Amino acid sequence: MEALALLLLLLGAASSRDVKAGNCDVVITSDAGKNGSVSSPGFPQPYPPRSVCRYEFQGRGKERVQLVFTEFNLFTANDDDHDCESADSIVAYVHMEGRSEKIDTFCGGQVPLPLMSSGARLSLEFRGLHSSRYVRGFKALYTFTENFGVSGGRQLMEYTCGFSFNSSEAANGSFSSPNYPGYYPRDTECSYLFKGRPGERIHLHFTYFDVEGVLPCEATSASDYVEFSNFMTQDRKFSRYCGQLREFEVESDRHFFRVTFRSNDRLDGTGFHATYHFLEHEDTNTVRPVRTSAAPNAATSITDEVPGCLLLAALLLNAPFYY
């Protein structure tokens, strides 16, 4: 009887512990490879109940960790992907100045937006406590990158995050905030330098803008912001931009223009996306897109070559016009 009582006591103690489904903690370093994938235990089959896994990503130097989820299907008791209290979930953390800060908690079946670390480290904690035979878990692709997920332009290695756009290389194109369309990293500053030929100006069209903050986008309101300048230093002509804005346009006064994106260490947004065009300014009234290559012997319209004010005056006077 004493042996049976001891056995029952041990079984009761074991059932009261939070037992993991297995040792699924993993540390991934950039030394082992610059990219790869991680997934829930047993993926694409249902993960075991009571699964608790931690994924640690560790880069080097200026490297940032970028995570792109390709599949996401976790158990939830309801259809609300924002109510993660009683659902299986993933919690993402960034590491800044020796402390760990939560980015967000993700659950349900909606694929999360891409994530990026603020430094060389990022962590995921998977809490698959319930599971069911209908869930597949998750899969994510990771990359250790130094270009901040910014496409277009030429990266400036003398900057932590800097990109150059020259009209001699491309007359038009697009640029975006780090990790767009995902959450931009915290505590990050990126510079976008546009350099045209003498006589050219830079025209920017922002098609998407979601930068955390409130007007006037100052440090006192803990705002992230985008700033414009005709110089390498601050330009009093332009105010800072932040918040969720509709499409808008900005144009330089000369052939150089600087765009600065700055995020603090608090909240996250999905950033911005914009197109750029280098324009030829023959005078204050005539603006033409820069042509990358001119066709030989191409016919030219008089409205392409004549200043707009002179042509308008000739038409109004109904007089012969000579140019």
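Since we're looking at a predicted model, the values are computed, not measured. (Residues numbered from 1 in each chain as written. Predicted model: local features only at pLDDT ≥ 70, side-chain atom pairs only at ≥ 80, totals over all residues. Heavy atoms only, no water.)

**Description of the packing of aromatic side chains**
Worth spelling out the cut-off: Aromatic rings from Phe, Tyr and Trp, taking only the six-membered ring of Trp, are treated as a pair when their centres fall within 6.5 Å; an angle between ring planes under 30 degrees marks them as stacked, one over 60 as edge-to-face, and anything in between as tilted. The way it works is that DSSP assigns letters per residue, a run of H or I at least four long becomes a helix, a run of E at least two long becomes a strand, and they are numbered from the N terminus. Whether a residue is buried, partly exposed or exposed follows from its accessible area with a 1.4 Å probe, protein chains only, as a fraction of its type maximum: under 20%, in between, or over 50%, in that order.
Under the criterion given, the structure shown has 31 aromatic pairs. Measuring from centroid to centroid gives 5.8 Å for Y55 and F138, while their planes differ by 85°, and the two rings are edge-to-face. Here Y55 is found in strand 3 (residues 51-58), whereas its partner F138 is found in strand 9 (residues 137-145), with 83 residues between them in sequence. For Y55, a relative accessible area of 4% translates into the label buried. When the centroid spacing of 4.7 Å and the interplanar angle of 5° are considered together, the rings of F206 and F248 count as stacked. You can see F206 sitting in strand 14 (residues 200-211) and its partner F248 sitting in strand 17 (residues 248-251), a full 42 residues away along the chain.

**Brief notes about the nonpolar core**
Worth spelling out the cut-off: What is meant by a nonpolar core is a set of buried Ala, Val, Leu, Ile, Met, Phe, Trp, Tyr and Cys residues, joined one to another through side-chain atoms within 4.5 Å. By definition in these notes, contact holds between two residues if any of their heavy atoms fall within 4.5 Å.
If you look at the biggest cluster of nonpolar residues, it comprises 28 residues, and the most contacted ones within it are F175, Y192, F194, L204 and F228. Residue assignment for this core shows that the elements contributing at least two residues are strand 11 (162-166), strand 13 (189-195), strand 14, strand 15 (225-229), strand 17, strand 18 (256-262) and strand 19 (271-283). Examining the composition of this core, we find that five residues originate from one element, strand 14, more than from any other. Filtering out sequence-adjacent residues up to four positions away, L204 remains in contact with F175, F194, F228, F248, E249, V250, F257, V259, T275 and Y276. One finds F69, I90, A92 and L115 within the second-largest nonpolar core, a separate group that totals 26 residues.

**As for the state of the cysteines**
Stated precisely, the cut-off is as follows: The criterion for a disulfide is a pair of cysteine sulfur atoms lying within 2.5 Å.
One pass over the full model with this rule turns up four disulfides. Put simply, C161 and C190 are joined by a disulfide, and their sulfur atoms are 1.9 Å apart. On the S-S bond that ties C161 to C190, the torsion sits near 95°, and the link is right-handed. Note that C161 is positioned in the loop between strand 10 (154-155) and strand 11 and C190 in strand 13, a separation of 29 residues in sequence. The class for C161 is buried, based on a relative accessible area of 2%. Residue classification places C190 among the buried positions, given a relative accessible area of 0%. Across the disulfide from C217 sits C242; the S-S distance is 2.1 Å. Around the S-S axis, the bridge from C217 to C242 shows a dihedral of about -85° and counts as left-handed. Of this pair, C217 sits in the loop between strand 14 and strand 15 while C242 sits in the loop between strand 15 and strand 16 (243-245), and the two are 25 residues apart along the sequence. The exposure classification of C217 matches that of C242, with both residues buried.

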